[in-house]
Amino acid sequence: MHLIQLRWKERFRCPRCEGIEFMLVRSTRCRDAEKRVPLLVCKSCHRQTSVTSGTIFHKSKVPLTKWSPAAYLVSIDKCGISATTLGRHLSVVSYWSAWLMLNKLRKAMSERNSIYKLDGDVHLAEFFLGGISHGAGNGAAPPHVVPS
Ligand SMILES: [Zn+2]
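Residues numbered from 1 in each chain as written. Predicted model: local features only at pLDDT ≥ 70, side-chain atom pairs only at ≥ 80, totals over all residues. Heavy atoms only, no water.

Moving on, we get to unusual backbone geometry. A positive phi angle, near 70 degrees, is found at E18, a position not held by glycine. Here E18 shows up in the loop between α1 (2-7) and β1 (22-25). Backbone geometry places K59, a non-glycine residue, at a positive phi of 60 degrees. (Helix = DSSP H or I, 4+ residues; strand = E, 2+ residues; numbered from the N terminus.)

Right, here's the structure in full:
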């Protein structure tokens, strides 16, 4: 229910018919059905909706309990965490899963940042300016840090 409240702030709305009443159902076909987030079934049109649909978590095989610490780790690392480090912190996630999670989180963060425009006086504790790239990927040199 907490995820439903996070997704639909005031009340669930069916994406097809705008209905507000729903039932929670768990898939019985999945191997680990009890670990999965239940589906919401609209009582009017019977459309099934996942609480993760339309988000970066949709159809992810990585459980949401791994996504939450991943988002935290990506957001606090100023120089950019690598997929290898992220995978190591999440322990059971493979490199490619960590890489995919990292890219989805970065894309979501950049889309959210593009919404906001700085205005007026902006005070910074530190910032990164430029830097020399030695190729794409993890081998690139970190940008110069300019203290405030
Ligand atoms: Zn509906």
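Here we take up the packing of helix α3 (residues 83-90) against helix α4 (residues 95-113). Two elements in contact, α3 and α4, have axes separated by 8 Å at closest approach and are oriented at 110 degrees. Between α3 and α4, the interaxial angle falls into the category roughly perpendicular. Considering only the axes of α3 and α4, their crossing is right-handed. Side by side, α3 and α4 meet where A83, T84, L86, G87 and L90 of the first sit next to Y95, A98, W99, M101 and L102 of the second. (Axes fitted to C-alpha atoms, helices over the stretch in contact; angles between N-to-C directions. Parallel < 35°, antiparallel > 145°, perpendicular 65-115°, else oblique. Left-handed = near helix turned anticlockwise from the far one by under 90°. Contact = heavy atoms within 4.5 Å.)

Our focus in this paragraph is the coordination of the zinc ion. For a metal with four tetrahedral donors the ideal donor-metal-donor angle is 109.5 degrees, whereas six octahedral donors ideally subtend 90 or 180 degrees. The coordination sphere of the zinc ion contains the protein donors C14 (SG), C17 (SG), C42 (SG) and C45 (SG), at a distance range of 2.2 to 2.4 Å. Seen from the zinc ion, its 4 donor atoms lie at angles of 101 to 117 degrees, and the figure they make is tetrahedral. Mapped onto the sequence, the donors of the zinc ion take the spacing C-x2-C-x24-C-x2-C. Taken together, the positions of C14 in the loop between α1 and β1 and C45 in the loop between β2 (39-42) and β3 (48-50) put the pair 31 residues apart, joining distant regions of the chain. Taking relative accessible area as the criterion, C45 reaches 21% and is therefore assigned partly exposed. (Donors = N, O, S within 2.8 Å, 3.2 Å for Na, K, Ca; no water. Tetrahedral: all angles 85-135°; square planar, octahedral: opposite > 155°, others 65-115°. Buried < 20%, exposed > 50% of the residue type's maximum accessible area, 1.4 Å probe, protein only.)

A word on the sheet that holds β2. What the 3 strands build is an open sheet, ordered β1-β2-β3; its pairing is antiparallel. Each edge of the open sheet carries a strand with a single partner, namely β1 and β3. Adjacent strand axes in the sheet meet at a mean angle of 35 degrees when their direction is disregarded. Strand direction decides the pairing type here: β1 and β2, joined by 4 bridges, are antiparallel. Note on β2: the bridge partner recorded for V25 is L39. (Pairing = 2+ DSSP bridges.)

Attention now goes to α3. The periodicity of an α-helix, 3.6 residues per turn, causes residues three or four places apart in sequence to face the same way. Along α3, the residues that are buried comprise A83, L86, G87 and L90. Looking straight down α3, one finds its buried side chains confined to an arc of 100 degrees; they lie on one side. Of the exposed residues in α3, the ones pointing more than 90 degrees away from its buried face are R88 and H89. Each element contacted by the buried residues of α3 is listed here: α2 (64-76) and α4. Just beyond α3, the residue with positive phi is S91, at close to 60 degrees. (Arc of directions from axis to C-beta.)

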